[in-house]
Amino acid sequence: MVEVTPPDLTPYRNGNVGIPYVTSLDAGSPGPHVLVMALTHGNEISGAVALHRLLSEGLCPKRGKLTLAFANIAAYERFDSGQPHRSRCVDQDFNRAWDAMSLDGPRNSVELARARELRPLIDTVDRLLDLHSMTAPSPPLALVGLHDKSLALARHVGVPEIIVRDPGHAEGTRLRDYGAFGDPSAAAVALLVECGQHWLRATADFAYAITLRFLATTGVIDGLTTPSAAAQRLLDVTHVITATSNHFAFVEHFQGLAMLPKAGTIVAHDGGIAISTPYDDCVIIMPSTRVGPGQTAVRFGHFRE
Ligand SMILES: [Zn+2]
């Protein structure tokens, strides 16, 4: 069910930095370059709703430079609320293209062309918030990878409550791990946030709220007005389950963060192979239907704190 209306983004088509659908707002005083990205996946419209709202409200940075960008516009333009799963991407996952071999290589796709168009801008970014959402209903998640600098940023922002440490995907490199973001010794830091189920009003509201918190954390706007609601908990991903067939199916409709008490509980079948939990109190993270070979279907994890 699609609760939110995909906003008309054509007013942002020309942008103001020579890149379509990219708007930069310069405070004219020293500070970081902060980028908030929506629509890395074309059907994850909550981020677009949030950025459209911020732009409509006339948000202005107090320090540094704030860039608001809509990434996979080509996929978003195909969004159909009757078939909302179909517009995740056009040719390939935009969020698996962020390694030098792909970006500098000979292959072409709609998503690689857009990544190459955005790359010079992204190379100047100090702090990135990449807004995503999930197939199954789930509480919001910060996905921080394995570097301490991303974990520190998530703790500084203070929401969401659940921070997931994850190793990434077999399929390719995410924007969050691109270049300096993936270099533990570099100063640039990226945070990927899954704001909730793709098309719920609450997901768009969370995307808006965390964007404001993120901007306040980086200093480009003034301070937080509300404290974080709860202490954050750390969830370690131990297993990334990659589909090997076109017939990956869960045994039931799991919600994100469902906890299965017994090791060996079968959660899915991948072709003829049963996928079961490797230990007691295993947490099901971001179960994703509609996956094909090589794509991440689900992660298993456990709470560290
Ligand atoms: Zn996504």
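What counts and what doesn't
- Residues numbered from 1 in each chain as written.
- Predicted model: local features only at pLDDT ≥ 70, side-chain atom pairs only at ≥ 80, totals over all residues.
- Heavy atoms only, no water.
- Donors = N, O, S within 2.8 Å, 3.2 Å for Na, K, Ca; no water.
- Tetrahedral: all angles 85-135°; square planar, octahedral: opposite > 155°, others 65-115°.
- Helix = DSSP H or I, 4+ residues; strand = E, 2+ residues; numbered from the N terminus.
- Buried < 20%, exposed > 50% of the residue type's maximum accessible area, 1.4 Å probe, protein only.
- Phe/Tyr/Trp six-rings, centres within 6.5 Å; stacked < 30°, edge-to-face > 60°.
- Lys NZ or Arg CZ within 6 Å of the ring centre and 35° of its normal.
- Domains from an automatic or database assignment.
- Contact = heavy atoms within 4.5 Å.
- Buried area = accessible area lost by both parts, 1.4 Å probe.
- Polar contact = N/O pair within 3.5 Å; in protein donor to acceptor, adjacent residues only side chain to side chain.
- Nonpolar A, V, L, I, M, F, W, Y, C, P; charged D, E, K, R; others polar.
- Salt bridge = Lys/Arg side-chain N within 4 Å of Asp/Glu carboxyl O.
- Pairing = 2+ DSSP bridges.
- Axes fitted to C-alpha atoms, helices over the stretch in contact; angles between N-to-C directions.
- Parallel < 35°, antiparallel > 145°, perpendicular 65-115°, else oblique.
- Lys, Arg positive; Asp, Glu negative; His and termini not counted.

> Which parts of the structure should I look at to understand the coordination of the zinc ion?
Think of it this way: four donors in a tetrahedron around the metal ideally sit 109.5 degrees apart, and six in an octahedron ideally sit 90 or 180 degrees apart. Coordination of the zinc ion by the protein involves His 41 (ND1), Glu 44 (OE), Glu 44 (OE) and His 132 (ND1), with metal-donor separations of 2.0 to 2.4 Å. Seen from the zinc ion, its four donor atoms lie at angles of 57 to 150°, and the figure they make is irregular. Counting the intervening residues between successive donors of the zinc ion yields the motif H-x2-E-x87-H. Separated by 91 residues along the polypeptide, His 41 in the loop between strand E2 (33-38) and helix H1 (46-56) and His 132 in strand E4 (residues 127-134) bring together distant segments of the chain. A relative accessible area of 3% means that His 41 is categorised as buried.

> Just checking my understanding: could you explain the packing of aromatic side chains for this structure?
Centre-to-centre distance and the angle between the planes together describe a pair of aromatic rings. A full pass over the atoms with the stated rule returns five aromatic pairs. Summarising the aromatic geometry, the rings of Phe 250 and Phe 254 are spaced 6.2 Å apart at their centres and angled 80° between planes, so their arrangement reads as edge-to-face. Taking the relative accessible area as the measure of exposure, Phe 250 reaches 17% and is therefore buried. Note on Phe 254: relative accessible area 9%, which makes it buried. The ring of Tyr 208 is capped by Arg 53, whose NZ or CZ atom sits 3.4 Å from the centre of that ring. Looking at Arg 233, its charged tip hangs above the ring of Phe 303, at a distance of 3.9 Å from the centre.

> Explain the domain arrangement of the protein chain here, please?
The figure often quoted for interface size is the accessible area lost as the parts come together. Domains assigned within the protein chain are domain 1 (10-218) and domain 2 (238-303). Counting residues at the interface gives 17 residues for domain 1 and 17 residues for domain 2. Here domain 1 meets domain 2 over a buried area of about 1300 Å², counting both sides, of which 64% is carbon and sulfur. Applying the counting criterion to the domain 1 and domain 2 interface returns one residue pair in polar contact (both at pLDDT 80 or more). Residues belonging to the side of domain 1 that touches domain 2 are distributed by class as follows: nine nonpolar, five polar and three charged.

> How do you make sense of the pattern of salt bridges when you look at a structure like this?
Pairs can form between side chains of opposite charge once their charged atoms are near each other. Summed over the entire model, instances satisfying the criterion amount to 15 salt bridges. Asp 166 is the salt-bridge partner of Arg 176, the closest N and O atoms lying 3.3 Å from each other. Linking Arg 176 in the loop between strand E6 (162-165) and strand E7 (189-197) with Asp 166 in the loop between E6 and E7, this pair joins segments that are ten residues apart in sequence. A relative accessible area of 3% places Arg 176 in the buried class.

> In this structure, what is going on with unusual backbone geometry? I would like to understand it.
Note that the residue after Val 159, namely Pro 160, is joined by a cis bond; omega there is 0°. Inspection of the secondary structure assignment puts Pro 160 in the loop between helix H5 (148-157) and E6. Despite not being glycine, Tyr 21 shows a phi value in the positive range, around 65°. Position of Tyr 21 among the secondary structure elements: in the segment before strand E1 (22-26). Here Asp 281, not a glycine, exhibits a phi torsion of approximately 55°, which is positive. Mapped onto the secondary structure, Asp 281 falls in the loop between strand E12 (273-276) and strand E13 (282-285). For Asp 281, a relative accessible area of 41% corresponds to the partly exposed category.

> How should I be thinking about the sheet that holds E6 in this particular structure?
The strands that make up a sheet are held in pairs by hydrogen bonds between backbone atoms, and each pair lies either parallel or antiparallel. Strands sit in the order E1-E3-E2-E4-E7-E5-E6-E8-E14-E13-E10 across an open sheet of eleven strands; the sheet is mixed. The open sheet terminates on both sides in strands that have one partner only, identified here as E1 and strand E10 (258-260). Between one strand axis and the next, the sheet turns through 25° on average, direction left out of account. Judged from the three bridges that link them, strand E5 (residues 141-143) and E6 form a sheet pairing that is parallel. Pairing of Leu 143 across the sheet is with Val 164, part of E6. Along the sheet, H1 contacts E1, E2, strand E3 (65-70), E4 and E7; its crossing angle with E3, the most-contacted strand, is approximately 135°.

> Could you clarify how one ought to interpret the packing of H5 against helix H6 (residues 201-218) in this entry?
The relative placement of two packed helices comes down to the angle between their axes together with the axis-to-axis distance. Two elements in contact, H5 and H6, have axes whose closest approach is 9 Å; the angle formed by their N-to-C orientations is 110°. Taken together, the axes of H5 and H6 lie roughly perpendicular to each other. Every residue of H6 that contacts H5 at Leu 153, His 156 and Val 157 is listed here: Ile 210, Arg 213, Phe 214 and Thr 217. For the contact of H5 with H6, the class distribution of residues is four nonpolar, two polar and one charged.

> Would you mind going over the side chain of Asp 270 with me for this structure?
Summarising the element assignment, Asp 270 is placed in strand E11 (residues 266-270). Salt bridges are absent for the buried Asp 270, whose nearest opposite-charge side chain, Arg 299, sits at 14 Å. Dropping the residues within four chain positions of it, Asp 270 is found in contact with Thr 242, Ala 243, Thr 244, Ser 245, His 247, Phe 248 and Ile 275.

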